[in-house]
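Residue-level structural notes
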Amino acid sequence: PLQGFVGPTVGRRRDRGQIRIEGARVIPDAVAALVRREPSGKATLVARFWLELDRGTIRGARLMRKLKRYYSAGGPGQGWRGRSERILVIVREGGEGRLRLWQRRLRALDAAYHTRLDIRLTRWDLVVDDVGGVHLLRAVWRSQRAGPMEAPFPEAQLPSQADTS
């Protein structure tokens, strides 16, 4: 089974990549790891990621400055298997307009900085169930480009959706 750890970034031992990001004043809402626990008890790191929860309280120029800091810092740095750590962004429930705003801003910054950060976006109502359980592994994530929804880590060979709901 897959297990995850999500926690606040305050008070946790930080690696060099996070210090560099914090030097650029980019602090995610949470840093998390997805771990596969084998029947033998062996734990394998599947992915590390940063989580941003967007409640829609930062708007306009303030939002753009926040996003620019991610680009200026180059993203979260080296993560799982030498790849940049993924940034997952969840916008408030029903916030399709807000999600599209993030996509437009990210595409503009991709062009301005000549790079593309590894970011996936979704809405809160797509990851939460009727009793309040949160399911981050659902295939409800989009990149800053137009495209189909997918799982947040399709390259990680995660179990089927039936196993993660």
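The structure this text deals with has already been given above.
Every value quoted in this text rests on a predicted model; they were computed, and no experiment measured them.

1. Topic: the pairing of strand β4 (residues 86-91)
- Among the six residues that make up β4, six are buried, leaving the element largely enclosed by the rest of the structure.
- The side-chain alternation of β4 yields two buried faces, one formed by Arg 86, Leu 88 and Ile 90 and the other by Ile 87, Val 89 and Val 91.
- As paired strands, strand β3 (residues 43-54) and β4 are joined by six bridges and run parallel to one another. When the sheet's bridge partners are listed, Leu 51 is paired in β4 with Leu 88.
- Pairing between β4 and strand β5 (residues 119-123): five bridges, direction parallel.

2. Description of the pairing of strand β2 (residues 30-37)
- Extensive coverage of β2 is indicated by the burial of six of its eight residues.
- Here β2 runs beside β3; their pairing, made up of eight bridges, is antiparallel. Following the sheet pairing, Val 31 is matched in β3 by Trp 50.
- Hairpin connection between β2 and β3: a loop of five residues separates the two successive antiparallel strands, and Gly 41 in this loop has a positive phi of roughly 100°.

3. Description of the pattern of salt bridges
- Throughout the structure, instances matching the rule amount to 10 salt bridges.
- A salt bridge links Arg 100 to Glu 96; the nearest nitrogen and oxygen atoms lie 3.2 Å apart. Note that Arg 100 and Glu 96 are positioned in helix α3 (residues 96-113) at a spacing of four residues, about one turn of the helix.
- Judged by its relative accessible area of 43%, Arg 100 falls in the partly exposed class.

4. Considering helix α2 (residues 60-73)
- The first and last C-alpha atoms of α2 sit 21 Å apart over 14 residues, in line with the 20 Å expected at 1.5 Å per residue.
- For α2, every residue scored as buried is listed here: Leu 63, Met 64, Lys 66, Leu 67, Tyr 70, Tyr 71 and Ala 73.

5. Some remarks on unusual backbone geometry
- Not every positive phi belongs to a glycine, and His 114 is a case in point at roughly 55°.
- When you line up the elements, His 114 lands in the loop between α3 and β5.
- Among the residues examined, His 114 registers a relative accessible area of 74% and is labelled exposed.

6. Regarding α3
- Taking 1.5 Å per residue, 18 residues should reach 26 Å; α3 reaches 25 Å between its end C-alpha atoms and fits that length.
- Here the buried face of α3 lies against β3, α2, β4 and β5.
- Positive backbone phi, at 55°, marks His 114, one or two positions downstream of α3.

Calculation criteria
Residues numbered from 1 in each chain as written. Predicted model: local features only at pLDDT ≥ 70, side-chain atom pairs only at ≥ 80, totals over all residues. Heavy atoms only, no water. Buried < 20%, exposed > 50% of the residue type's maximum accessible area, 1.4 Å probe, protein only. Helix = DSSP H or I, 4+ residues; strand = E, 2+ residues; numbered from the N terminus. Pairing = 2+ DSSP bridges. Salt bridge = Lys/Arg side-chain N within 4 Å of Asp/Glu carboxyl O. Expected span 1.5 Å × (residues − 1). Contact = heavy atoms within 4.5 Å.

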